[in-house]
Amino acid sequence: MLSTMQDVPLTVGRILAHGSTIHGRSTVTTWDGQKAVPRSFAEVGARAAQLAHALRDELGVTGDQRVATLMWNNTEHQEAYLAIPSMGAVLHTLNLRLPPQQLAFIINHAADHTILVNSSLLPLLAPLLPQLRPTLRHIVLVGDAGDAAAAQLDGFAGTVHHYEELIADRPTSFPFPMDLDERSAAALCYTSGTTGDPKGVAYSHRSMYLHCMQVVSAESFAFTDADLILPVVPMFHVNAWGIPYAAFMVGASLLMPDRYLQPQPLATMITAERPTFSAAVPTIWTGLLGELDANPGRYDVSTLRRVVIGGSACPPSLMKAFEERHGITLIHAWGMTETSPLGSVSLPPGGLSAEEAWPYRLTQGRFPASVQVRVIGPDGTPMPHDGSSAGEIEVRGPWIAAAYYGGAGNPPELGEKFSPDGWLRTGDVGTVSEDGYLTLTDRSKDVIKSGGEWISSVELENELMAHPDVLEAAVVAVPDERWGERPLATVVLRPGAQAGFAELRAFLAGRIAHWQLPERWSVVESVPKTSVGKFDKKVIRREYAEGALDVTVLGKDTTA
Ligand code: AMP
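Keep in mind that what you see is a predicted model, and the values were worked out from it rather than measured.

Draft legend 1. Here's a closer look at the side chain of Asp227. The residue Asp227 is located in the loop between helix H8 (205-216) and strand E10 (228-231) in this model. Owing to a relative accessible area of 6%, Asp227 belongs among the buried residues under this scheme. If we skip the residues at most four places from it in the chain, Asp227 touches Ala222, Ala252, Ser253, Thr276 and Arg305.

Draft legend 2. Seen up close, the packing of aromatic side chains. All told, the structure shown has 11 aromatic pairs when counted by the stated rule. Arranged with centres 5.0 Å apart and planes meeting at 70 degrees, the rings of Tyr404 and Phe418 form a pair that is edge-to-face. In this pair, Tyr404 sits in the loop between strand E18 (391-396) and strand E19 (424-432) while Phe418 sits in the loop between E18 and E19, placing the two residues 14 residues apart along the sequence. Since its relative accessible area comes to 8%, Tyr404 is described here as buried. For Phe418, a relative accessible area of 8% puts it in the buried group. Through a chain of ring-to-ring contacts, the aromatic side chains of Phe221, Phe223 and Phe277 assemble into a single cluster. The ring centre of Trp358 lies 5.1 Å from the NZ or CZ of Lys320, which sits over that ring. Here the guanidinium or amino end of Arg361 rests over the ring plane of Trp358, the centre of that ring lying 4.2 Å away.

Draft legend 3. Structural detail: unusual backbone geometry. The peptide bond linking Ser340 to Pro341 adopts the cis configuration, its omega dihedral lying at 10 degrees. Turning to its location among the elements, Pro341 is positioned in the loop between strand E14 (329-335) and strand E15 (342-345). Here the phi dihedral of Val238 falls at roughly 45 degrees; this positive angle occurs in a residue that is not glycine. Here Val238 lies in helix H9 (residues 238-241). Overall, the relative accessible area of 1% leaves Val238 in the buried class. Located in the positive-phi region is Asn239, a residue other than glycine, with phi close to 50 degrees. Within the fold, Asn239 resides in helix H9.

Conventions used here
- Residues numbered from 1 in each chain as written.
- Predicted model: local features only at pLDDT ≥ 70, side-chain atom pairs only at ≥ 80, totals over all residues.
- Heavy atoms only, no water.
- Helix = DSSP H or I, 4+ residues; strand = E, 2+ residues; numbered from the N terminus.
- Buried < 20%, exposed > 50% of the residue type's maximum accessible area, 1.4 Å probe, protein only.
- Contact = heavy atoms within 4.5 Å.
- Phe/Tyr/Trp six-rings, centres within 6.5 Å; stacked < 30°, edge-to-face > 60°.
- Lys NZ or Arg CZ within 6 Å of the ring centre and 35° of its normal.

All quantities given are derived from atomic positions and should not be read as evidence of function.
Here it is in structure tokens:
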């Protein structure tokens, strides 16, 4: 029997229409380094309509053409986020930290028709022009370009436009189609993988909409129109974890940090603008904590009610330091480009005391009803959810990718990532507890296999970062004649730190099994990072292999 219910498509256009009217007084504000410049959701909606007119009437964007953005988090980017999918085109967010050849690859692979680029990012785009396919017809400069900046595009065979001039005097409403197929692509984001070519994930209107409803729910980020949200996570990193759409859906105002992402400007911005919610990768929060600790009394970040931390494992010491020293609750979340990204969120079960809640909060969290999880053991069969049986995490749900984008005109690419029975193989290794909490121990490619046993690099890093002298620690597997692989610990020490390797090793000895203690140690100035701010372990392994690291060996005999 069929249901008797209406079949209304779930589209980004609905979010735009709702946010710009019902929540018309909420604001999007871009920080300019000194102050914030607000624009109401109503104005943002009107400007999104003007942008849609410009794209369609002047630039000739039709159907599902790809319109790319190479932009910081700012109000104009929010306008593009809303206008492009709502008119039926596909928003392609370009990761401004990708190496140039990968950036050129994804622009060509997606056959982008138009790129909106912040003027300050022109030096990234201009050198790529000779490599770009003629499918790229238009470049729209956003922000004050100046003649010298714009001159960088002199060799471009297409047309160059200026955003404000382009949208000025156009109608402030647009006939956004409300009957788009909800399964059609709304946005495209490529993985920031450090090996091979990036892979494109094409989110549908339906997946975006459902993901958005999950983001705002009480079991996830729980936004309301009383919130001011600071998305530090870039809008090119999995749609800033869904925040731009989720905020528009419920009327939560947005504070956009533009390019001011360093600890000092961030702390200044938070003190001045008083956001209640924020989200970023651990590297950002480690930097902010250092700035706050080094300058007691200078900043007030107490308005932050909740802060989501994800993208890589959150060291427990960081979570505890924010809570105890600054009264800020960090919420640990797990996800990936292929999962839109919201997967699990580490909210503890209700009714627990603060002390009882900690073990739950330190995990990667629980999955929402829409996302199923299974743990696949080394023999390819599902493992029990008992909190100790480890295996590869696989997920399935309405906002999880079923394939990669094959490029313009090509069929989607299936590959090893997608199991024949419809699950995404995440490449993450961990356990799930009986009550559904995920604990990750590693990326499958980062696991350390020592004498047939697995050592968790994440656990070693977390324990090391609990030492007061350690700012950051990254642990990788290196070849070992006797054990196959052993851990190499690279550490970044805090300024003025006294601790030597022997002390760090002794510190670890009280916290992890003896046979897991690293023998190889190296102090580094900073841990190499990927384009989205995660530890780049491939680089560390390569540096070790090339003999580029200054390594001290301690207690080698004790590993027997
Ligand atoms: P990306 O697609 O760039 O967002 O990367 C996704 C990957 O980041 C995941 O597969 C995990 O390996 C890692 N990741 C994301 N969130 C977490 C987390 N909370 N803890 C540990 N690793 C994480």
